[in-house]
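Descriptive analysis of the structure
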Amino acid sequence: MSLLPVKEALDRILVSFDVLDSVHVPLKETVGRVLAEEIVAATDLPLFDNSSMDGFAVRASDVISAGSATPIRLPVVDDIPAGTMPTHQLQAGEAARIMTGAPLPVGADAVVPVEETDVHERAKETTLPESVAILKAAQVGANIRKRGDDIKRGDCILPKGLRLRPQDLGMLAMLGIADVPVIRKPRIALLSSGDELTPIGQPLGEGKIYDVNSYTLGALLKANGCEIIPLGVAADTPTAVEAALANAKDADLIVSSAGVSMGVFDFIKETIEKNGNLNFWRINMRPGKPLTFGHYQKTPFIGLAGNPVSAFVGFMIFVRPVIKKMLGNPKDDRQLSRAILAEAIQSDGRESYLRAKVTRENGSLTARLTGHQGSGNLFSMVQANALLIVPAGVKSLPAGTEVDVWLLD
Ligand code: AMP
Ligand code: MG
């Protein structure tokens, strides 16, 4: 059986998936969600001319000759806190006290900051002064935020497909959007399999190990914006596997690890085949050569190799792009860079994803492996900040070679 190239396997998997529907979600729950529609401003922002300082609204022409030695005294005719509309139209020779964010009165064209007046000791001056001395000239427009200065009605504010960040939530709030159209979270059923696997929190029996992949894969799914349907750990019997998979009905995808090699007790394959269809591929990659893809009943199924590093790398290569596609981002958005090898490395001719630490040294990136590359050695993954990619067909690379690195942080 010949080995299937990574890219070809991924392409075959991706055709089975499409972008999910959109839903409206309350704004405060949308951080990390993917915007399903472009957001266009329905109003200008700011919505009204307002002051950017605490001070006095004036007509600039009235204070043209103001200076500390030549103060200009104006009667204060109005008091405008933020959130309140002015009650007066400002006439020539008048001033109105105004706070940051308060609407500018009609007739005013500048704001003189309180520091440039004789009432700058604000604590003492809580009552409205009858008059104010302006100690500095102001230009037309000074300290005024004009309507539409930041955003014009009809401007595109946030693009479709954006993964919402905290500042985007603030922007949506500024536009008054309470319910945000986002793409539904992919629902991923997650299964571990193997008689040896013990849930953490329980004592380990002889010959047993803790279930690792549920945690790694679960965290990867969460970090990639998915909702998880936990199927737990299935024992190595057809009944246990079937019972676990029965809970995956509402899933968009089942991700399982282990139980898909050639072992006598690997029942995942058999169970899926009986209730759907399954491809078993040997991928031209390292780690994670065995990969299964198919459907359990109508639900797509990806079976990753069981060793903890293989499961992690398999997720990054085959599951992550599927999730991205469901979330409307089919582009390859991996953080790929070039780095110089600090040491010679050997490979076996398969496309290899080696655990590496990439550092910046003398202005360029340098890559070193993080210990032995056994597919069960999760510690190598823990110490890594990148996957070093050795292309298919390459068996050794001397120190100093430039290689592709996939930055993970
Ligand atoms: P298998 O494909 O079932 O033969 O599993 C391959 C290797 O991965 C075995 O050594 C398993 O014990 C190990 N393994 C499988 N699943 C897990 C898991 N969830 N956590 C930790 N190790 C696992
Ligand atoms: Mg097993």
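Worth saying up front: this structure is predicted, and the values here are computed from it rather than measured.

Thresholds applied
- Residues numbered from 1 in each chain as written.
- Chains lettered and ligands numbered in written order.
- Predicted model: local features only at pLDDT ≥ 70, side-chain atom pairs only at ≥ 80, totals over all residues.
- Heavy atoms only, no water.
- Helix = DSSP H or I, 4+ residues; strand = E, 2+ residues; numbered from the N terminus.
- Expected span 1.5 Å × (residues − 1).
- Bend = angle between axes of the 7 residues up to and from the residue.
- Buried < 20%, exposed > 50% of the residue type's maximum accessible area, 1.4 Å probe, protein only.
- Near = heavy atom within 4 Å.
- Areas by Shrake-Rupley, 256 points an atom, 1.4 Å probe, with all protein chains shown as cover.
- Nonpolar A, V, L, I, M, F, W, Y, C, P; charged D, E, K, R; others polar.
- 1 Å grid on protein atoms, 1.4 Å probe; cavity = no way out; pocket = protein on both sides within 12 Å on 5 of 7 lines; lining within 4 Å.
- Points joined across faces, edges and corners; volume = space filled by probe spheres on them.
- Axes fitted to C-alpha atoms, helices over the stretch in contact; angles between N-to-C directions.
- Left-handed = near helix turned anticlockwise from the far one by under 90°.
- Contact = heavy atoms within 4.5 Å.
- Parallel < 35°, antiparallel > 145°, perpendicular 65-115°, else oblique.
- Polar contact = N/O pair within 3.5 Å; in protein donor to acceptor, adjacent residues only side chain to side chain.
- Core = buried A, V, L, I, M, F, W, Y, C linked by side-chain atoms within 4.5 Å.
- Pairing = 2+ DSSP bridges.
- Salt bridge = Lys/Arg side-chain N within 4 Å of Asp/Glu carboxyl O.

**Overview of helix 6 (residues 308-326)**
Helix length check: helix 6, at 19 residues, gives a terminal C-alpha distance of 25 Å against a target of 27 Å (1.5 Å per residue), a fit within 8%. Its axis deflected by about 40° at Phe315, helix 6 carries its strongest bend there. Most of helix 6 is tucked away: 18 of the 19 residues are buried. Of the residues trailing helix 6, Gly328 is marked for its positive phi of about 80°.

**Some thoughts on the site of ligand 1**
Neighbouring ligand 1 are 15 residues; Glu196, Asp211, Val212, Gly259 and Ser261 lie closest to it. Look at ligand 1: alone it shows 490 Å² of surface, and the protein chains cover 78% of it. Along the lines of polarity and charge, the residues of the shell around ligand 1 split into 6 nonpolar, 6 polar and 3 charged.

**Overview of the layout of surface pockets**
Of the pockets and cavities examined, the largest pocket occupies roughly 390 Å³. If you trace the largest pocket, you find 20 residues lining it, with Leu10, Ile317, Pro321, Asp332 and Arg334 closest to the centre. At the level of secondary structure, the elements contributing two or more residues to the lining of the largest pocket comprise helix 1 (6-14), helix 6 and strand 23 (351-361). Tallying contributions element by element places helix 6 first for the lining of the largest pocket, with 6 residues. For the lining of the largest pocket, the per-class residue count stands at 9 nonpolar, 1 polar and 10 charged.

**A look at the packing of helix 1 against helix 6**
Closest axis-to-axis distance for the helix 1/helix 6 pair is 10 Å, and the angle between their directions is 35°. For helix 1 against helix 6, the interelement crossing comes out right-handed. For the pair helix 1 and helix 6, the contacting residues are Val6, Ala9, Leu10, Ile13 and Leu14 in the first and Ile317, Phe318, Pro321, Val322 and Lys325 in the second. Counted by class, the contact of helix 1 with helix 6 contains 9 nonpolar, no polar and 1 charged residues.

**Here's the deal with the packing of helix 3 (residues 213-223) against helix 6**
Where helix 3 contacts helix 6, the axes come no closer than 10 Å and their chain directions differ by 25°. The angle between helix 3 and helix 6 places the two elements in the roughly parallel class. Helix-helix and strand crossings are classified by hand; for helix 3 and helix 6 the assignment is right-handed. Along the contact surface, helix 3 presents Asn213, Thr216, Leu217, Leu220 and Leu221, while helix 6 presents Pro308, Ala311, Phe312, Phe315, Met316 and Ile323. Split into classes, the residues belonging to the contact of helix 3 with helix 6 amount to 9 nonpolar, 2 polar and no charged.

**Quick word on the environment of Thr87**
Inspection of the secondary structure puts Thr87 in the loop between strand 5 (72-80) and strand 6 (95-98). Distance from Thr87 to Asp348, taken between C-alpha atoms, is 81 Å for residues 261 residues apart in sequence. Of the polar contacts made by the side chain of Thr87, one reaches the side chain of His88; its length is 3.0 Å.

**Considering the nonpolar core**
One finds Ile13, Leu253, Ile283, Ile302, Phe315 and Phe318 to be the most contacted residues of the largest nonpolar core, which totals 44 residues. Among the secondary structure elements, those contributing two or more residues to this core are helix 1, strand 12 (187-193), helix 3, strand 16 (253-257), strand 19 (290-296), strand 20 (299-304), helix 6 and strand 25 (386-390). Sort the elements by how many residues they give to this core and helix 6 lands first, with 12 residues. The residues contacting Phe318, other than those within four sequence positions of it, are Val6, Ala9, Leu10, Ile13, Ile283, Met285, Leu291 and Ile302. Judged by nonpolar contacts, the second largest core, of 18 residues, contains Ala244, Leu245, Ala248 and Ala251.

**Observations regarding unusual backbone geometry**
In the segment running from Leu45 into Pro46, the intervening peptide bond is cis, with an omega of -10°. Here Pro46 is to be found in the loop between strand 2 (39-40) and strand 3 (50-51). The amide bond that connects Arg286 to the next residue, Pro287, takes the cis arrangement and shows omega of 0°. Mapping Pro287 onto the fold places it in the loop between strand 18 (285-286) and strand 19.

**Description of the sheet that holds strand 19**
Read across the open sheet, the 6 strands follow the order 15-12-16-20-19-17; overall the sheet is mixed. Each edge of the sheet is formed by a strand with only one pairing partner; in this case those strands are strand 15 (227-234) and strand 17 (276-282). Each strand axis lies, on average, 15° off the axis of its neighbour in the sheet, ignoring direction. When strand 16 meets strand 20, the two strands line up parallel, connected through 4 bridges. Looking at the pairing, Ile254 lines up with Phe301 of strand 20.

**Overview of the environment of Lys208**
Counting through the fold element by element, Lys208 comes out in the loop between strand 13 (197-198) and strand 14 (209-210). In this structure Lys208 comes out as partly exposed when scored by relative accessible area, which is 36%. The sequence separation of Lys208 and Leu175 amounts to 33 residues, and the corresponding C-alpha distance is 56 Å. Every residue in contact with Lys208, bar those within four places of it in the chain, is listed here: Asp195, Glu196 and Thr198.

**Some words on the pattern of salt bridges**
The final tally for this structure, using the stated rule, is 18 salt bridges. Taking the shortest distance from any N to any O, the salt bridge between Arg12 and Glu8 comes out at 3.0 Å. Of the two residues, Arg12 and Glu8 both sit in helix 1, 4 residues apart, roughly one turn of that helix. Owing to a relative accessible area of 39%, Arg12 belongs among the partly exposed residues under this scheme.

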